[in-house]
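One-letter residues, chain by chain:
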Amino acid sequence: MKLLHLEDDDDIREISKMALELSGDFEVLQCSGGAEAVAAAPTFRPDVLLLDVMVPGMSGPSVLAEIRKIAGFETVPAIFMTARVQPSEIQAFKDLGAIDVIAKPFDPLTLGSQIKDSIQKAEAA
Amino acid sequence: MNFFSFKRTVATLLVVLAALQGAAWLGRLYGFDLPSTLEPVLPALTSLALLAYWRESRLNRRAKLHILSQREKLRQESVALNRHAMVVMTDTEGFIYYANDKFLDATGYTQEDLLGTQADILYFEEDKPRHAWLSDILAKGGTWEGENRLRLRDGSEMWTNLTILPGIDAHGHKHGAISVGTDITDARRMRSNKVLFEALDRLSDEVFIFDLESLNLRYCNFAAADSHSFDQSQSRDMNLAQLHPVYSSEAFTQELARLSQGPLTGEPLDIEKGKRVFEARLQILEETADGPEVLAVLHDVTAKREAERVRGEFISTVSHELRSPMTSIKGAMGLLLAGTAGPVPEKAHGMLSIAHRNADRLINIINDLLDIEKIAAGRMTFDLGKYDLAALIDEAIVTNASYSQRFDVQIDREGIENGVAFIDFERSLQVLNNLISNATKFSHPGGRVVIRLEQEDNQFAISVQDFGKGIPASKQGEIFDKFVQVGGHQENGVRGTGLGLAIAKAIVEQQQGTVTFESTEGVGTTFRATFPEPNSIADSSVAPKNNPQLGVVHDTWKEAS
């Protein structure tokens, strides 16, 4: 499964990469900026987006909106990763088209299975 | 010479004259003569008597005219008095035997209501002792003047300026009392309004009183006039809609419409005038002859709102800025402990475990601090729905499994199997996690914690019982206070923030429940949280355990936006 990961924090990006490699189910492309992620999407052709919300320049929600405009990516599943996890905030992120929200700090040992669970639930719904 | 002495003189003269004339007549009849000296006096006396008689007749006529005139004057005075004042007369026993039309019109009573009735009917119960005191004054022949309150037939009050004086009967004896009064209710209101308006003028809040229909101002205080740059004395010529467009806005108009139909006092309405924000409290005052009046008090909350915004921003910043590095710290340690970077020596593993556990603790502290801030600011949100408390308990047991394992404590379930309550699932889970982790922490190794679900009246109760050391009696009164650590400095190597129970209590109470506890030192502690039944919810579907959000009726409220 191809996963496009947007995260501006180098350390979190590194931890996430190791966590996703741990599960062995993901081919991961990581981007530190929004524009870079939007530009990479058509060539990398991700099956799922894992997007940090607060990213300088172009935020996670903006990146999602831009990628969804690209032909073939209108319904690509997206998961936001954020420290803003108030119930109202989670709902707001889902209203933007995300299938789930993963709270920071996340558990690196279960990150991969969390993402797969979210995709399965979204497909079943 | 007064009238009565003159009358006696005339009468005497007439008698003397009649006697002389009689003597003269008898003399002529029987042939004797009156003394010659009387002969010339007799005509003079006759003339004098006639003159006196003429004068007396004239005076008599004047007196009659005077009496008639006085009677007319009295009648006119009586008419005027009856038009101007309310008159009631009572007998010596205090029974009413007269009440004028003015009194009847003003008070709503009828002659049938009052005549033969004790005057007490006209007074409020609390005023009766004062009227007994007045009766004593009258009995001693005194009079009384002052402001007095009457109880009208419909139970409302009327203030009168009253004079009470002893009555006099036809023989000039004291007989009961006469009360003469005028209605001063409006004057009193004006007087109290004046005091009220003077007080309102000292307020920094803007205060308006205006007509509900036309929005014509009846009053505004100094702050309101100053804010809209007009002279306060001209307020009666102003219309609220002239002062600012916000008073013609749809929200304001809707609030007035709602007020005119619903409760007399509404919730505060946010009003923005330029860069300033006001909380407007509108209230319908009593109906006047010109229709209902509205009292509007505008409290400037610009600074308060700004403080709330900054506080919210701070919470958000803390939330984000602290959690991001914690993600890396905890993530890196978690991966190391899992052996992703190769085998970790036993000693290093132990030290990493301590660091990892304390990273968790730090995250919990951040979460608790943020929660207590949200509660204090009224910004904690609740997503309410119908949930099975059995699912809540199962979830809490799973969450606490590793924790209870670490303390060698067994968690048992007792009580009824299921119970559907109207709760925020995540927040309630937070409560239960807190109670279970506390119970685990304070249990002896090898001990047990019992979670019991019970039903009572219109609610369910989840109790969490431990058999540990119990809470010292001296600490029990402050157990729900913030930053109170029951276990003192450190308990079993674990120390919380001292905020958990305060947060749990606030969350449960926001969901219309309660948190109570019983504890005996050396025996153990039982915490009990109640959750309301969803008796007002039509949808009977219950959220399944693994996806508590499915099929749920939601009702989200925010304490404050």
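None of the values given here were measured: they were computed from a predicted structure. (Residues numbered from 1 in each chain as written. Chains lettered and ligands numbered in written order. Predicted model: local features only at pLDDT ≥ 70, side-chain atom pairs only at ≥ 80, totals over all residues. Heavy atoms only, no water.)

1. Here's the deal with the overall build of chain A
Short version of the rule: In DSSP terms, a helix is any run of H or I states spanning at least four residues, a strand is any run of E spanning at least two, and both are numbered starting from the N terminus. A simple rule labels every residue: compare its accessible area, found with a 1.4 Å probe on the protein chains alone, to the largest value its type can have, and call it buried under 20%, exposed over 50%, or partly exposed in between. Whether two residues are in contact is decided by their heavy atoms, any of which lying within 4.5 Å being enough. Each accessible area is a Shrake-Rupley estimate made with a 1.4 Å probe; only the visible protein chains count as cover when residues are assessed.
On a plain count of helices and strands, chain A comes out with five helices and five strands. Going residue by residue from the N terminus, the α and β elements of chain A occur as β-α-β-α-β-α-β-α-β-α. Here chain A holds 125 residues, and 44% of them are scored as buried. Restricting to contacts in chain A with at least 6 residues of sequence separation, those with at least 24 account for 60%. Carbon and sulfur atoms make up 50% of the accessible area of chain A, which totals about 5600 Å².

2. A closer look at a positive patch on the surface
We apply this condition: Here the term patch refers to residues with relative accessible area over 30% and no salt bridge, with like charges joined within 9 Å and nonpolar side chains (Val, Leu, Ile, Met, Phe, Trp, Tyr) within 5 Å. Whenever Lys or Arg places a side-chain nitrogen within 4 Å of a carboxyl oxygen from Asp or Glu, that contact is recorded as a salt bridge. The sign given to each residue is positive for Lys and Arg and negative for Asp and Glu; His and the chain ends receive no count. Working definition for charges: the position is that of NZ of Lys, CZ of Arg, CG of Asp or CD of Glu.
A surface patch of like charges, here positive, comprises B:Arg55, B:Arg58, B:Arg61 and B:Arg62. Residue classification places B:Arg58 among the partly exposed positions, given a relative accessible area of 44%.

3. Focus on the confidence of the model for chain B
What counts is decided by this rule: Looking at any residue, its pLDDT shows the predictor's confidence there, from 0 to 100.
Scored by pLDDT, chain B comes out at a mean of 82, with 88% of its residues at no less than 70. Note on residues 536-561 of chain B: pLDDT is under 50 here. Beyond four places in sequence and across chains, it has 56 contacts.

4. Details of helix H9 (residues 250-261) of chain B
All names here are of chain B. Inclusion rule: A helix is expected to reach a length of 1.5 Å times the quantity of its residues less one. What the arc describes is the spread of directions from the helix axis to the C-beta atoms.
Over its twelve residues, H9 extends 17 Å from the first C-alpha to the last, a length consistent with the 16 Å expected when each residue adds 1.5 Å. Turning to H9, its buried residues number three or more, namely Phe252, Glu255, Leu256 and Leu259. The buried side chains of H9 occupy one side of the element, clustering within an arc of 100° when seen end-on. Relative to its buried face, H9 has exposed residues pointing more than 90 degrees away, namely Glu250 and Gln261.

5. Quick notes on the nonpolar core
Residues and elements named next belong to chain B. To be explicit about the condition: Residues belong to a common nonpolar core when they are buried Ala, Val, Leu, Ile, Met, Phe, Trp, Tyr or Cys residues joined through side-chain atoms within 4.5 Å.
Counting residues in each nonpolar core, the largest one holds 45 residues, and the members touching the most others are Leu389, Leu392, Leu432, Ile462 and Phe527. Ranked by the residues each element gives to this core, the list is headed by helix H14 (residues 425-441), at seven residues. If we skip the residues at most four places from it in the chain, Leu432 touches Leu392, Ile393, Ala396, Ile462 and Val464. Formed by 26 residues, the second largest nonpolar core is a distinct cluster that contains Leu217, Phe230, Leu240 and Phe252.

6. Remarks on the interface of chain B and chain A
The condition that has to hold: Two parts lose some accessible area (1.4 Å probe) when they are put together, and adding that loss for both gives the buried area. In protein, a polar contact means a hydrogen-donor-capable atom and an acceptor-capable atom, both N or O and within 3.5 Å, with residues adjacent in sequence counting only if both atoms are side-chain atoms; elsewhere, any N or O pair within 3.5 Å suffices.
The interface of chain B with chain A comprises 18 residues on the first partner and 19 residues on the second. Carbon and sulfur atoms make up 66% of the area that chain B and chain A hide from each other, which totals about 1700 Å². Area buried by chain B at its contact with chain A is led by B:His320, B:Thr327 and B:Leu335, which between them contribute 32% of it. Linking chain B to chain A there are zero salt bridges. For the interface between chain B and chain A, the tally reads zero residue pairs in polar contact (both at pLDDT 80 or more). Among the elements of the structure, helix H10 (302-337) and helix H11 (346-377) of chain B are those that each provide at least two residues to the side of chain B that touches chain A. With twelve residues, H10(B) is the single largest residue contributor to the side of chain B that touches chain A.

7. Some thoughts on the sheet that holds strand S4 (residues 157-168) of chain B
To summarise the sheet geometry, strands pair through backbone hydrogen bonds and adopt either a parallel or an antiparallel arrangement. Residue and element names in this part refer to chain B. In plain terms, the rule: We call two strands paired when DSSP finds no fewer than two bridges between them. Lines fitted to C-alpha atoms define the axes, with helix axes restricted to the stretch in contact, and inter-axis angles between N-to-C directions lie between 0 and 180 degrees.
Here we have five strands laid out as an open sheet, ordered S2-S1-S5-S4-S3, and antiparallel in their pairing. Looking at strand neighbours, the two that pair on one side only are strand S2 (96-99) and strand S3 (144-151), the edges of this open sheet. Averaged over all adjacent pairs, the angle separating strand axes in this sheet is 30°, with direction ignored. Sheet topology note: the strand S1 (residues 86-90)/strand S5 (residues 174-183) ladder contains five bridges and is antiparallel. Considered in S5, the bridge of Met86 is made with Gly181. Each of S3, S4 and S5 touches helix H5 (residues 128-139); the most contacted strand, S3, lies at about 140° to it. The strands that helix H6 (residues 185-201) touches are S3, S4 and S5; relative to S4, the one it contacts most, it runs at about 130°.

8. Topic: the sheet that holds strand S15 (residues 459-466) of chain B
Residues and elements named next belong to chain B. Reading across the sheet, the five strands line up as S12-S14-S15-S17-S16 and stay open at both edges, with mixed pairing between neighbours. Bordering the open sheet on either side are strand S12 (410-415) and strand S16 (515-520), each of which pairs with just one other strand. Across the sheet, the mean angle from the axis of one strand to that of its neighbour is 15°, orientation sign disregarded. Bridge count for S15 against strand S17 (residues 524-532) is eight bridges, and the pairing is antiparallel. By the bridge assignment for S17, Phe460 is matched with Phe531. Contacts from H14 reach S12, strand S14 (448-456), S15 and S17 within the one sheet, and its direction differs from that of S15 by about 25°.

9. Considering H11(B)
Over its 32 residues, H11(B) extends 46 Å from the first C-alpha to the last, a length consistent with the 46 Å expected when each residue adds 1.5 Å. Trailing H11(B) by a residue or two, B:Gly378 shows a phi angle of about 70°, which is positive.

10. Examining the packing of aromatic side chains
Residue and element names in this part refer to chain B. Inclusion rule: Pairing of aromatic side chains here covers Phe, Tyr and the six-membered ring of Trp, requires ring centres within 6.5 Å, and sorts the geometry by plane angle: under 30 degrees stacked, over 60 edge-to-face, intermediate tilted.
On inspection of all chains with the given rule, the structure shows ten aromatic pairs over all chains. Taking the centre distance of 6.4 Å and the plane angle of 35° together, the rings of Phe210 and Phe252 count as tilted. Of the two residues, Phe210 is situated in strand S6 (residues 206-211) and Phe252 in helix H9; the sequence distance between them amounts to 42 residues. Among the residues examined, Phe210 registers a relative accessible area of 0% and is labelled buried. What makes Phe252 buried here is its relative accessible area of 2%. Ring geometry for Phe480 and Phe517: centres 5.9 Å apart, planes at 65°, overall edge-to-face. With Phe480 in the loop between helix H15 (473-476) and helix H16 (500-510) and Phe517 in strand S16, the pair connects residues that are 37 residues apart, well separated along the chain. As far as the burial class goes, Phe480 and Phe517 line up, both buried.

11. Thoughts on unusual backbone geometry
A:Pro105 follows A:Lys104 through a cis peptide bond whose omega is -5°. For A:Pro105, the location among the structural elements is in the loop between strand S5 (100-103) and helix H5 (111-124). Phi at A:Arg45 takes a positive value of approximately 50°, unusual for a residue other than glycine. Note on placement: A:Arg45 falls in the loop between helix H2 (34-44) and strand S3 (48-52). Residue A:Arg45 is classed as partly exposed on the basis of its relative accessible area, which comes to 45%. Although it is not a glycine, B:Asp408 sits at a positive phi angle of roughly 55°.

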